[in-house]
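Spelled out from the first residue to the last, the chains are:
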Amino acid sequence: KLVPILNTLISWLHPVDASKSNVDLALSQGARIGMSPGGIAEMFEGFPKPMTHPDDECAILNSRKGFIRMAVKHNVPVVPIYCFGSTKMFKRLQFSFLEYLSKMLRVSICLFFGRCGLPIPFRQRLLYVMGEPIFPPAITEGNSTSESSEEFSRRVNEMHKLFCDELVRLFDQYKDSYGWGRKTMRLL
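A short tour of the structure in this document, coming up. Only a predicted model underlies this, so the values are computations on that prediction, with no experimental measurement involved.

Definitions and limits used
- Residues numbered from 1 in each chain as written.
- Predicted model: local features only at pLDDT ≥ 70, side-chain atom pairs only at ≥ 80, totals over all residues.
- Heavy atoms only, no water.
- Axes fitted to C-alpha atoms, helices over the stretch in contact; angles between N-to-C directions.
- Helix = DSSP H or I, 4+ residues; strand = E, 2+ residues; numbered from the N terminus.
- Parallel < 35°, antiparallel > 145°, perpendicular 65-115°, else oblique.
- Left-handed = near helix turned anticlockwise from the far one by under 90°.
- Contact = heavy atoms within 4.5 Å.
- Nonpolar A, V, L, I, M, F, W, Y, C, P; charged D, E, K, R; others polar.
- Patch = residues over 30% accessible without salt bridge, like charges linked within 9 Å, V, L, I, M, F, W, Y side chains within 5 Å.
- Areas by Shrake-Rupley, 256 points an atom, 1.4 Å probe, with all protein chains shown as cover.
- Salt bridge = Lys/Arg side-chain N within 4 Å of Asp/Glu carboxyl O.
- Disulfide = S-S within 2.5 Å.
- Core = buried A, V, L, I, M, F, W, Y, C linked by side-chain atoms within 4.5 Å.
- Buried < 20%, exposed > 50% of the residue type's maximum accessible area, 1.4 Å probe, protein only.

1. Description of the packing of helix H4 (residues 66–74) against helix H6 (residues 150–178)
Running from amino to carboxyl end, H4 crosses H6 at an angle of 120°, the nearest separation of the two axes being 9 Å. As the angle between them shows, H4 and H6 are arranged oblique. For H4 against H6, the interelement crossing comes out right-handed. Counted together, Phe 67, Ile 68, Arg 69, Ala 71, Val 72 and Lys 73 of H4 and Phe 152, Arg 155, Val 156, Met 159, His 160 and Phe 163 of H6 form the full contact between these two elements. Residues that form the contact of H4 with H6 fall into these classes: eight nonpolar, one polar and three charged.

Structure, rendered in structure tokens:
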């Protein structure tokens, strides 16, 4: 609303707020959604964060199951996608207080720069790879499908594991063709 032209351009993409209720409503209306489960926290992972290595690519997924819960609830597949090179488009300065503040305010506050110290991305070849669709596991006969049931939790955990495994498989399969043979994917 503060930048009318930008607001109009973004509205053409039909964005959905990432709240549970909005995602639930969009999926119940038949929409297909693209999302990045790592969110704000993933921006702060990896090099130059202390105790990280430049050859590590990080994805925060171990505690992120909400998108899988929604997929199971609405019986829609999830397609893992990885973009090689996206972490090299900008350099960022590591300040732990900005990470803390971003998590607290639920907004991205990150000091980054590109070419000539400006917010212009470095020239970087990108390679998008898509995995196979992962469909929700079948319901075991005679079990409840309510979100609070053990059966529902089992299905979520099973699909989440399949998603994580497929993302790592994608990374490992295509990293050499991108020139990142030395890199490893770390799921956090």
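2. Things to note about a nonpolar patch on the surface
A grouping of Ile 5, Leu 6, Leu 9, Ile 10 and Trp 12 is seen on the molecular surface, where their side chains present a nonpolar patch of about 560 Å² in accessible area. Along the chain, the position of Trp 12 falls in the loop between helix H1 (4–11) and helix H2 (20–28).

3. Describing the state of the cysteines
Such a bond, covalent and formed between the sulfur atoms of two cysteines, is termed a disulfide. Taken as a whole and judged by the stated rule, the model has zero disulfides. Cys 83 takes part in no disulfide bond, and the closest cysteine sulfur to it belongs to Cys 58, at a distance of 16 Å.

4. Re the nonpolar core
A general feature of soluble globular proteins is that nonpolar side chains tend to end up buried together. In terms of nonpolar packing, the biggest core is built from 26 residues, with Leu 61, Ile 68, Val 78, Tyr 82, Phe 84, Met 159 and Phe 163 touching the most fellow members. Secondary structure elements with two or more residues in this core: H2, H4, strand S2 (81–84) and H6. If one sorts the elements of this core by residue count, H6 sits on top with nine residues. Contact partners of Val 78, with chain neighbours within four places excluded, come to Phe 67, Ile 68, Ala 71, Glu 132, Pro 133, Ile 134, Met 159 and Phe 163.

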